Amino acid sequence: MQRRVVVTGLGLICAVGNTAPEAWENLLAGKSGMAPITQFDATGYPVTFAAEVKGFDPLNFIDKKESRKMARFIHLALGAVHEAVESAGLKIDAANSERVGVFIGSGIGGFEIIEREHTNLMNGGPRKISPFFIPAAIVNMAAGQVSIKYGAKGPISATATACTTSANSIGDAFRIIEHGDADVMIAGGSEAAVTPMSVGGFAAMRALSTRNDEPTRASRPFDKDRDGFVVGEGAGILILEELEHAKARGAKILAEICGYGMSADAYHMTGIAPEGEGAQRSMRAALHDAKMQPTDIDYVNAHATSTPLGDGNESRAIEVVFGEHALSKKLKVSATKSMTGHLLGGAGGLEAGITVLALMHQKIPPTINLENPDPECRLDYVPNKYQDATIKAALSNSFGFGGINGSLVFRRYPD
């Protein structure tokens, strides 16, 4: 018999909040996290703003000496895990450590460390490279450091599937518990890519918004004047737990995760399959896994990054999969990247957490800056103001370069 899996803890860090409650409050208020870049001098760059995490101090979670051996994406992951573990009331000890696992990914990893150490190499030769360079920067080290800190000895992995990373991490962790290989999984993703090479690289692709004079209005999913995404940073972590295990220890159950779908576009390294065909298959697979019909879903947290092609294709994919349920606007869709920016590999973890919060509070966060709706995007995107709603089940989408698609289905518990 397949085991049921629930969410018992949640940790979020992003441009609009360093905890899940703070982020949720600001999302409902429609607050934008975009502002001029402070982490490096962006003078001369075609894009001079981002969605940076503000006021985050890693020393609240990590020893000062150890923190110097870690990239920022690891700091953010540890901060989000701390909140998630505390909110779950999870204790890891010798009795359960082998049944607790960690699946935390990152799309890029320690980009700022790579840039810094390359500069050291160019300026001073190989002897100037830090001995901590590699373990500080590699993608798997967020999962590794979490495992070490908490003594979690169960399954461990670090997915790197571009902007689908966190969704895959959570979905794969869900499978691990379903199949009996662990009872608890710490799952999600982290990213800290507000760096010169990252911003410069995405700008060179013409993937970013260039609204330098009005950054808070730059991310505008589904709006006809959208011109690209905004680089964000942060982390999103869920504590996933087998239902009976959670009940036995008296854990508060936030939601149930009940469906996971994946697909490949098999189309283009950065482009999107026409009509969002790959996204359609991912969402259908998640619904099939959840044993749900399209009409069972009340809310979709869209991947919607504010790119001209991406938003249109995702909107069309939702139309095709959900049909009249979507076109009649019974299905609500919102793009919280309008406020948080795009966390790349961390996006799916953040947005899965937001989806869980929507189920818990029965409120749908808005898509802000939706002032001139694209006539090709015909759904209810919850424009500019949150909505109260009856949400029994919700779906979260994540799509990445390479044509990698992931969808997660959550439902209210108890339904």
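Since the structure is predicted, the reported quantities are computational estimates derived from the model, not experimental observations. Each chain carries its own residue numbering, running from 1 in the direction its sequence is written. Only residues with pLDDT of 70 or above have their local features reported here, since the model is predicted, and side-chain atom pairs are shown and tallied only from 80 upward, although totals for entire chains, interfaces and linings are computed over all residues. Side-chain metrics in this entry use all non-hydrogen atoms of the structure; hydrogen atoms and water are not considered.

Asker: Sorry if this is basic, but what is going on with the environment of Ala 302 here?
Answerer: Numbering of helices and strands runs from the N terminus; a helix is a DSSP stretch of H or I covering at least four residues, while a strand is a stretch of E covering at least two. Among the structural elements, Ala 302 can be located in the loop between strand E9 (299-301) and helix H11 (308-322). Three exposure classes are used, based on accessible area relative to the maximum for each residue type with a 1.4 Å probe and protein chains only: buried under 20%, partly exposed in between, and exposed over 50%. Relative accessible area serves as the criterion here: at 1%, Ala 302 is assigned to the buried category. Along the primary structure Ala 302 and Ala 192 are separated by 110 residues, whereas in three dimensions their C-alpha atoms are 21 Å apart. Contact definition: two residues touch when any of their heavy atoms are within 4.5 Å. Ignoring any residue separated from it by four or fewer positions in sequence, one finds Ala 302 in contact with Phe 222, Glu 314, Val 333, Ser 334, Ala 335, Lys 337, Glu 351 and Asn 397.

Asker: Sorry, what's going on with helix H10 (residues 277-290) here?
Answerer: Owing to its 3.6 residues per turn, the α-helix aligns residues three or four sequence positions apart on the same side. Its 14 residues place the ends of H10 20 Å apart at the C-alpha level, agreeing with the 20 Å of an ideal helix rising 1.5 Å per residue. For H10, the full list of buried residues reads Gly 278, Ala 279, Gln 280, Ser 282, Met 283, Ala 286, Leu 287, Asp 289 and Ala 290. Packed against the buried residues of H10 are helix H7 (165-178), strand E8 (255-264), H11, strand E13 (393-400) and strand E14 (404-411). Once H10 ends, the next one or two residues include Lys 291, with phi positive near 55°. Each helix should span, by expectation, one fewer than its residue count multiplied by 1.5 Å.

Asker: Explain the pattern of salt bridges to me, please; I cannot follow it from the model alone.
Answerer: Where side chains of opposite charge bring their charged atoms close, a pairing between them can arise. We count a salt bridge whenever a side-chain nitrogen from Lys or Arg sits within 4 Å of a carboxyl oxygen from Asp or Glu. Per the counting criterion, the structure on display carries 25 salt bridges. When the shortest N-O distance is used, the salt bridge between Asp 289 and Arg 175 registers 3.0 Å. In this pair, Asp 289 is assigned in helix H10 and Arg 175 in helix H7, connecting sequence segments 114 residues apart. In this structure Asp 289 comes out as buried when scored by relative accessible area, which is 16%. Residue Arg 175 is classed as partly exposed on the basis of its relative accessible area of 24%. For Glu 319, the salt bridge goes to Arg 378, with nearest N and O atoms at 2.6 Å. Of the two residues, Glu 319 is situated in helix H11 and Arg 378 in the loop between strand E11 (363-364) and strand E12 (387-388); the sequence distance between them amounts to 59 residues. Take Glu 319: its relative accessible area is 5%, and that puts it in the buried class. Put simply, Arg 211, Glu 214, Arg 217, Arg 220, Asp 223 and Glu 371 are held in one network by salt bridges that share partners.

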